[in-house]
Amino acid sequence: VTQLEVGVDGLAVVVAKNSAGHNCLTNPEVRGLTLAQLRWIFTDWSNEDLVADGVDIASVVADDDKDGIKEWSDLHKGCPEVPINPYGAGDQ
C-alpha cells in the first residue's frame, strides 16, 4: 500500500473581539466549534444533504430556528441571533 498525499488545507476562524461570534465562542457553555459545526457554517449543502452524508444535524445546530439563515444562535441558545458571515478564498 502506498500513500500519496494530494493536498493539504487549513482553516482559520477569525472573529472580532467582543463581536457576536467572539461572545458566542467564548461562552463557557459553547467553548469553541466542532468540526461538524465548521462544516455546517462553511458548506452550501442543505441540512438534509448533511444528514444524508452522516452529519447528526441536531447536535450541530441544536437551536436552529429553521429560518434559513445561519446564525450564532442556531449553534447554542446562549449565543445572539446574529448571522454568521463566512468568507473563504476568493471572497472580496
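Just above, that's the structure.
Residues numbered from 1 in each chain as written. Predicted model: local features only at pLDDT ≥ 70, side-chain atom pairs only at ≥ 80, totals over all residues. Heavy atoms only, no water.

**Student:** Go over the state of the cysteines with me, naming the residues and quoting the values.
**Tutor:** The tally for this structure, following the rule as stated, stands at one disulfide. Note on cysteine connectivity: Cys24 is disulfide-linked to Cys79, with sulfurs 2.0 Å apart. On the S-S bond that ties Cys24 to Cys79, the torsion sits near 70°, and the link is right-handed. Taken together, the positions of Cys24 in helix 1 (residues 20-25) and Cys79 in the segment after helix 5 (72-75) put the pair 55 residues apart, joining distant regions of the chain. Like Cys24, the residue Cys79 is buried in the burial classification. (Disulfide = S-S within 2.5 Å. Helix = DSSP H or I, 4+ residues; strand = E, 2+ residues; numbered from the N terminus. Buried < 20%, exposed > 50% of the residue type's maximum accessible area, 1.4 Å probe, protein only.)

**Student:** Outline the side chain of Asn27, listing residues and values.
**Tutor:** Here Asn27 is to be found in the loop between helix 1 and helix 2 (35-42). Other than its neighbours up to four places away in sequence, Asn27 contacts His76 and Gly78. (Contact = heavy atoms within 4.5 Å.)

**Student:** Before we move on, can you summarise the nonpolar core with the specific residues and values?
**Tutor:** Of all hydrophobic cores here, the largest spans 15 residues; its most connected members are Trp40, Ile57, Val60, Val61, Trp72, Leu75 and Ile84. Of all elements in the fold, only helix 1, helix 2, helix 4 (57-60) and helix 5 reach the threshold of two or more residues within this core. The dominant element in this core, judged by the number of residues it contributes, is helix 1, at three residues. Not counting chain neighbours up to four residues away, the residues in contact with Ile84 comprise Trp40, Ile41, Lys70, Glu71, Trp72 and Leu75. (Core = buried A, V, L, I, M, F, W, Y, C linked by side-chain atoms within 4.5 Å.)

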